[in-house]
Amino acid sequence: MQNEQKTNQNLIKWVFRIGLILVDIFIVNFSYYLALLLRFYVNHQFNPEAVPYIPLFYRFAPGYTVCCIIVFAFFKLYHGIWRFAGINDANRIIKANIITCVIQIAGTLMTVGRMPRTYYALGAMIQFMLMMAVRFSYRILKGEYIRLTRNKNIGSVNVMIIGAGETSRIFLQQIYSDKDNAAHPVCVIDGRNQEKGIVFYGLPVVGGLDDIPAAAAKYNVRTAIIADSLMSAEQRETARKICKNLEIGVQDFSGYNQVTSAIGFNQLMTITDGPVQIRYKGKTQDYENGEQAAMAWPGGYVVKEISSTAKGVLRVRIEEDLVKLNNVNEAWVQSYEKETGEKISFF
């Protein structure tokens, strides 16, 4: 059963990679052909000046296509988990496109002849934008789908976020990624810098702590979340008192991003490209790459030991992650509940 599941996973992975290669073949050729169109297409036809360049484009296209696929494979653009695409993936796409642009310029000059300068510039830009769009579209569309469909079947609670920093960003990201979460963030209070009139993670920043009453009335706030690890204890206490006077529930998640010192297994695997050997409770299992290992161990695990072999195999010893509740530091949760007498709730 397990072998059959792995076979199906590998099949899906290769089908996806082949599909992505075919899409890239289309992109690298369409981009520069479109560049020629934009440069010479006038009055619904090619300008006569374009005639000499069309056969040059067709002659160079096959070789350029092969070079592009090799470069993209070298930068591992067919090995990423694109539903988790981030800045590192974008950097690899940028580097790969810079190299293919150089190949396009040098290759045409050395083999078929010089093309117009606008052809090179427009083609490179179009190719880069299309590749970014294809690889990041899944994550963007999935995120927007969750954002649009969340809270349809449950009663939502308007939530005010107190804090405009990294902790609040992580908290909002977690809320938005859970379509069944009843929390509905409506505005942000900047408790430290007193910013106003800007937008933070798609939400309006309505001012500082003194603006809490007006914002609560305007947005019909039912609960306030303090999510700023840099706010002083005095500022947090002030926020609690204001919310208490307004009869608004308040919870302090300033320790939300203070996770344990252990490394998250899935996070490590998303940036691991080579072969991996996983050791769990004395048993070992080999995988071709981090993506395959992450799919085989989808639960909550943390890395306890990392080493590598002479052949470059990454050895990882993992244990079950005992810190639950959306990666909130367990010690912080216990101290908070003991101090306030309130139970932590993620709605």
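What counts and what doesn't
Residues numbered from 1 in each chain as written. Predicted model: local features only at pLDDT ≥ 70, side-chain atom pairs only at ≥ 80, totals over all residues. Heavy atoms only, no water. Core = buried A, V, L, I, M, F, W, Y, C linked by side-chain atoms within 4.5 Å. Buried < 20%, exposed > 50% of the residue type's maximum accessible area, 1.4 Å probe, protein only. Helix = DSSP H or I, 4+ residues; strand = E, 2+ residues; numbered from the N terminus. Contact = heavy atoms within 4.5 Å. Pairing = 2+ DSSP bridges. Patch = residues over 30% accessible without salt bridge, like charges linked within 9 Å, V, L, I, M, F, W, Y side chains within 5 Å. Areas by Shrake-Rupley, 256 points an atom, 1.4 Å probe, with all protein chains shown as cover. Salt bridge = Lys/Arg side-chain N within 4 Å of Asp/Glu carboxyl O. 1 Å grid on protein atoms, 1.4 Å probe; cavity = no way out; pocket = protein on both sides within 12 Å on 5 of 7 lines; lining within 4 Å. Points joined across faces, edges and corners; volume = space filled by probe spheres on them. Axes fitted to C-alpha atoms, helices over the stretch in contact; angles between N-to-C directions.

> Can you help me understand the nonpolar core in this one?
Side chains that are nonpolar tend, in soluble globular proteins, to be buried together. Of all hydrophobic cores here, the largest spans 30 residues; its most connected members are F72, L77, M115 and Y119. Residue assignment for this core shows that the elements contributing at least two residues are α1 (2-40), α2 (53-74), α3 (87-111) and α4 (117-149). Per-element accounting of this core gives the leading share, eight residues, to α2. Apart from residues no more than four positions distant in its own chain, F72 is found in contact with D24, V28, L77, Y78, A96, T100, Q127 and M131.

> Just to check I follow, could you spell out the pairing of strand β3 (residues 157-162) for this structure?
Counting buried positions along β3 gives five out of six residues, so the element sits mostly inside the fold. As judged from the six bridges shared by β3 and strand β4 (residues 183-189), these two strands associate in the parallel manner. Across the sheet, residue M160 finds its bridge partner in β4, namely C187. Sheet analysis places β3 next to strand β7 (residues 223-226), joined by four bridges and oriented parallel. The partner of M160 across the bridge, within β7, is A224.

> Whenever I open this one, unusual backbone geometry confuses me. Can you help?
Generally, phi is negative for residues other than glycine and the peptide bonds are trans, each holding for most cases. Of note in the backbone geometry, Y201 takes a positive phi value of approximately 55° without being a glycine. Tracing the backbone shows Y201 in the loop between β5 (199-200) and β6 (203-204).

> Explain a nonpolar patch on the surface to me, please; I cannot follow it from the model alone.
Taken together, the side chains of W14, I18, L22 and I25 define a hydrophobic patch exposed on the protein surface, amounting to about 400 Å² of accessible area. Take I25: it is sitting in helix α1.

> I would appreciate a short explanation of empty space enclosed by the protein in the present structure.
Think of a ball as big as a water molecule: rolled over the atoms, this probe shows where empty space is left. In total, this model carries two cavities of 30 Å³ or more according to the counting rule given. The calculated volume of the largest cavity comes to roughly 50 Å³. At the level of secondary structure, the elements contributing two or more residues to the lining of the largest cavity comprise α1, α2 and α3. Per element, the largest residue contribution to the lining of the largest cavity is five residues, and it comes from α2.

> Can you help me understand the sheet that holds β4 in this one?
For sheets, the rule is that strands pair by backbone hydrogen bonds, running either parallel or antiparallel. Pairing is parallel across the open sheet formed by four strands, whose spatial order is β4-β3-β7-β8. Strands with a single pairing partner mark the edges of an open sheet, and in this sheet they are β4 and β8 (249-252). Shown here is a sheet whose adjacent strand axes are inclined to one another by a mean of 25°, direction ignored. In the sheet, β7 pairs with β8 via four bridges, with the strands oriented parallel.

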